[in-house]
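For reference, the chains in residue letters:
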Amino acid sequence: MAKQPDSDSFLDMFSRFGRDLKMPNVDVEAIISHHRKNLEALEKSARAGAAGASSLLTRQREMVQEALREITDLAQNYRAPGNPQELMTRQAEFARKSFETALKNAGEVAEMARKSGTESIEILRERIKDAMAEIRSGYEKK
């Protein structure tokens, strides 16, 4: 039976490489820990972005359903008016409500997208700040 290849992760291979070289003054574990934190921050940021996109899509679907429900209600309650002026008034009112709803929905969607993007970026910004502090503390030890 053929031997299965080792399935070490990249971090495990890098760690073993660093130990095998036996280089003085190189803290391989600190380097690995640093990069592991970077990868964790990227993953957390991606999850936050995906959650934001999911909630945004859900809300947009709800908005479309609400709009279709309003149109259905209007169509079901539609009765031919007695005069053209009344018809124009109803159509103008429907157009005004539709426009106001579209503006409100667009603002809501934009705010949701902004919050999601800000959350994702804030996770990365915090990791960069922590990484810079780790680098500074590494130089201060020498």
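Above this note sits the structure.
What comes next is a walk through the structure.

Cut-offs and rules
Residues numbered from 1 in each chain as written. Predicted model: local features only at pLDDT ≥ 70, side-chain atom pairs only at ≥ 80, totals over all residues. Heavy atoms only, no water. Helix = DSSP H or I, 4+ residues; strand = E, 2+ residues; numbered from the N terminus. Buried < 20%, exposed > 50% of the residue type's maximum accessible area, 1.4 Å probe, protein only. Contact = heavy atoms within 4.5 Å. Areas by Shrake-Rupley, 256 points an atom, 1.4 Å probe, with all protein chains shown as cover. Polar contact = N/O pair within 3.5 Å; in protein donor to acceptor, adjacent residues only side chain to side chain. Salt bridge = Lys/Arg side-chain N within 4 Å of Asp/Glu carboxyl O.

Remarks on the overall build of the protein chain
So, point 1. The secondary structure content of the protein chain amounts to 3 helices and 0 strands.
So, point 2. Starting at the N terminus, the α and β elements of the protein chain follow one another as α-α-α.
So, point 3. Residues classed as buried in the protein chain amount to 15% of the 142 residues present.
So, point 4. Within the protein chain, contacts between residues separated by at least 24 positions form 66% of all contacts whose residues are at least 6 apart in sequence.
So, point 5. With an accessible surface of roughly 11500 Å², the protein chain has 60% of that area assigned to carbon and sulfur atoms.

Considerations on the side chain of S120
So, point 1. Looking at the element boundaries, S120 is found in helix α3 (residues 84-141).
So, point 2. Judged by relative accessible area, S120 falls into the buried class, the value being 11%.
So, point 3. Here G49 takes part through its backbone nitrogen, which lies 3.2 Å from a polar atom of the side chain of S120.
So, point 4. If near-sequence neighbours (up to four positions away) are discounted, S120 is found in contact with S45, A48 and G49.

Overview of the pattern of salt bridges
So, point 1. Across all of its chains, the model carries 10 salt bridges by this definition.
So, point 2. Linking E66 and R59 is a salt bridge whose minimum nitrogen-to-oxygen distance equals 3.4 Å.
So, point 3. Judged by relative accessible area, E66 falls into the partly exposed class, the value being 29%.

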